[in-house]
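# Per-entry structural report
Residues per chain, in single letters:
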Amino acid sequence: MRLKANWNKLKGTLKRIYSGPWYKKIAVWICTFFLSIIILFISIDCNLFYLFGSTPSFSEIKNPTVSEASEVYSADGQLIGRYYNEDRTPVEYKDLSPILIRTLIDTEDERFYHHHGIDYQGLFSAAKDIFSGHARGASTITQQLAKNMFRVRTKNRNGLLGRVPGIKILIMKAKEWIVATKLEMVFNKEEILTMYLNTVDFGYNSFGIKTASARYFNTTPDRLTYDQAAILVGLLKATSIYNPKKNPKNSLERRNTVLELVFAHKHIVINGIPASTAQLDSLKALPIELAQKSTEKSPNEFAPYFREELVEYLDMLCEMGEVPGYDATNKLDLYSDGLKIYTTIDTRLQKYAEESVRKKMQSLQNQFYSHWGNTPPWQDSKHKEIPNFIENIAKKTSEYQWLKKKYSDNSDSIDYYMNLPHPVKVYTYDGPATKELSTMDSIRYMVKFMHCGFIAMEPDTREVKAWVGNIDYDSWNFDNVTAKHQPGSTFKLFVYTEAMNQGLTPCTRRMDTRVEYKEPGKDEVWIPHNADGTFSNTEMTLKRAFASSINSVAVSVGLEVGVKNIINTAHEMGIKTPLQEAKSICLGSSEVDLMELTNSYCTVVNDGKYTFPIMISKIEDRDGNIIYKSKKKEKQAIPYKSAYLMQIMLRAGLHGTSAGMWEYIGGYTQDTDFGGKTGTSNNHADAWYMGVTPKLVGGVWVGGEFPCIHFRTGALGQGGRAALPIFGDFIKKVLRDERFSKYRAKFPAPKDLDPSLWSCSDYIAIPDSTLNDENESSDNSDDESTSNTSNNEAQTEQSVSEE
């Protein structure tokens, strides 16, 4: 009864309000209409009953989050890359050309300075045009900004009623009006124009006016001319239809339409005077001149393997808590956070590294072709062609999988199309080339290439200065700096370092002789052989054994000091990869990557102090605040004495397997010390060279894409022949460049060490600055091997052939 009484009371009240003279009724209905609009807008803004979806709050509008590209800079201040979902770099209002501002307003929103987000006059005009059959838009610049920046038309902003087709567009439009009004309340007109031009899409993945100006005209927003501004503003109507690259004719017509609008507002000003019709016609007659593609590397073509690894490195910094406010669950986003990342890479050193890799690998590739001729190089350890090697690779290709699905495993049809010649773009050292090849032939062509990895680091700072992951990023994005390979004799660094830790010295003598090693309870016998397959059966110093890479001594010393101890020392010095506990580890049977191996050699050069490699020196957020700065965290991984004695050992290598370095360093030994170690794994599958100077250390790996692709002889495939020349050429380029005079240095004098520890009479002394290029080098092949008295190839310890 009470509910009914209240309802009757309400009806009576409404009847009194809506009754009376006609003019009162009209006034009441008008008020009701506008009150309903206000209530509707309030309901939409607060998402009443979840019917309308979320609308940006004042807080979100005051602090908008826009996806911005992150920029990567080299140590010498060059932009070397950009990471982005939307390629955008923001600018400030002062960086915008007045020509651009006038062109935008005259074309998109001529009453921009006279409305507060919604152009009511424009709405009425648009409504009138709809009824006359000439529909047009009436969105203001502020409304467009609301749509672009806050994505008010996305699914998460729809709500329940947003699923209804007819109502959805009304709700979305209402949200644009609401957000536009809020924007006008929070920001002034200049700020709105700036935000708009920083967020709008200009096509071809060019977000924001700065990126668009550079991409289309190779200029900046403050230097845009009338015709250029008209082209860019004209794009806003339809970025594909009016794109000057894709549709130049449409773009020209649209540009001229925009110029006419600007002219009509008398905003084309030449020499301080509004332009005449003749001057307008001159502007309209201009052809569209777009920026030509540069023949030089764009930022995103520079050091691609390094930049790819940078993503993982940044994640690691966040996971380790090195960047305040970020962790494993809350990481920096390179692709949207607008960061400025300052790296340790040096563009000049990177250029030298890439040149050396290309020069020496091209020469090596020609040797590989001559070496194998028409014989397939995919052979097993007995030099027999591996059956179905190419076919098995082909089965993993997307083309094979597509054909398999299309022809329902019909092998005849699949084989026909896999062997059907067609134009294929392939890599050559002279640039990409199109060849008439079948898919099978293209696989045969590509697997014959030899590959490379190179990295250079400063041992005292551990800053990475050059990084070349392979011979061509577009063809092979597999990075050999971080890939795992058998290190061969380069691993002997850890064997002899542990020997120094346990009191042995470079002058300690051990016998070079044939020894059989047998595992308890097993029949296999392991006999490590030297490079030339012979033994001197004499005692020699460890310095000589290390320099000449004598396997028999390395193994006997390794087992003397203990394999577990060697592994622990390797981990302390920089090897992070788990290592297999086996006798053969003394000859490098357990895989490591080039970066960690190079860093370990840096530990020796840096007097035994270990530091994690540094790739980023500083990070700034989008507001210019420094959120990360690298800090060198050193620890004494090995005693100073051991480190210094291993420096002596490395320098002695120039009179052994590293003798090839004299071709490159002869003119620089007066003011720079050098050292190095070669390495070659089983069947010459992996060739290594680790080159050291007091201020710069470099590591090189060379090998095939597959372990079975390699040279058949040590004369071509050993580390001293395949890898050493790359470091040699690189360090020669660096040292002759006066800009890098800091890398010319001698090792400091030893601290309280007796010279008798390393001065051995049976080995030629390390040359001082008075000696020329003459040197004593071993005639022995750098290719070291192991053998087994058993014919059983399934050995419990991996057999490696070592330099």
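Preceding block: the structure.
What you are looking at is a predicted structure, and each value in this text was computed from that prediction instead of being measured. (Residues numbered from 1 in each chain as written. Predicted model: local features only at pLDDT ≥ 70, side-chain atom pairs only at ≥ 80, totals over all residues. Heavy atoms only, no water.)

In globular proteins that are soluble, nonpolar side chains generally tend to be buried together. With 86 residues, the main nonpolar core has Val464, Trp467, Phe494, Tyr496, Ile616 and Ile619 as its most contacted residues. Ignoring anything within four residues of it in the chain, the contact list for Phe494 reads Ile566, Thr569, Ala570, Met573, Ile575, Leu597 and Ser600. Ranked by size, the runner-up nonpolar core spans 62 residues in total, among them Met361, Phe389, Trp476 and Ile709. (Core = buried A, V, L, I, M, F, W, Y, C linked by side-chain atoms within 4.5 Å. Buried < 20%, exposed > 50% of the residue type's maximum accessible area, 1.4 Å probe, protein only. Contact = heavy atoms within 4.5 Å.)

Strands pair in a sheet through their backbones, by hydrogen bonds, and they do so in one of two ways: parallel or antiparallel. If you trace the five strands from one edge of the open sheet to the other, you get 2-1-5-17-18, paired in mixed fashion. Every interior strand has two partners, whereas the edge strands, strand 2 (79–83) and strand 18 (626–629), have only one. Going across the sheet, the axis of each strand differs from the next one's by a mean of 15 degrees, ignoring polarity. Bridging between strand 1 (residues 70–73) and strand 2 involves four bridges; their strand directions are antiparallel. Bridged to Tyr73 within strand 2 is Leu79. Each of strand 1, strand 2, strand 5 (340–343), strand 17 (616–620) and strand 18 is contacted by helix 13 (residues 304–319), which is oriented at about 65 degrees to strand 2, the strand it contacts most. (Pairing = 2+ DSSP bridges. Helix = DSSP H or I, 4+ residues; strand = E, 2+ residues; numbered from the N terminus. Axes fitted to C-alpha atoms, helices over the stretch in contact; angles between N-to-C directions.)

At Arg462, a residue that is not glycine, the phi angle is positive and equals roughly 65 degrees. Here Arg462 lies in the loop between strand 8 (450–457) and strand 9 (464–468). We note that Asp752 has phi near 55 degrees; this positive angle belongs to a residue other than glycine. Mapped onto the fold, Asp752 is located in the loop between helix 28 (724–735) and strand 23 (786–788).

Tallied over the entire structure, the rule returns 26 aromatic pairs. Between Phe368 and Trp372 the ring centres are 6.4 Å apart and the planes differ by 50 degrees, which places this aromatic pair in the tilted class. Of this pair, Phe368 and Trp372 both sit in helix 14 (residues 347–372), four residues apart, which is roughly one turn of the helix. Neither Phe368 nor Trp372 differs from the other in exposure class; each is buried. Relative to Tyr417, the ring of Tyr407 has its centre 5.5 Å away and its plane inclined at 10 degrees; by these criteria the two rings are stacked. Here Tyr417 lies in helix 17 (residues 411–418) and Tyr407 lies in the loop between helix 16 (398–406) and helix 17, a separation of ten residues in the sequence. On the basis of relative accessible area, Tyr417 is assigned to the partly exposed category, the value being 33%. Here the aromatic cluster, defined as three or more aromatic residues joined through ring pairs, consists of Tyr427, Tyr429, Tyr445, Phe449 and Trp476. Directly above the aromatic system of Phe112 lies the positively charged group of Lys189, at a separation of 4.3 Å from the ring centroid. Geometry around Trp372 places Arg712 over its ring, the cationic atom sitting 3.9 Å from the centre. (Phe/Tyr/Trp six-rings, centres within 6.5 Å; stacked < 30°, edge-to-face > 60°. Lys NZ or Arg CZ within 6 Å of the ring centre and 35° of its normal.)

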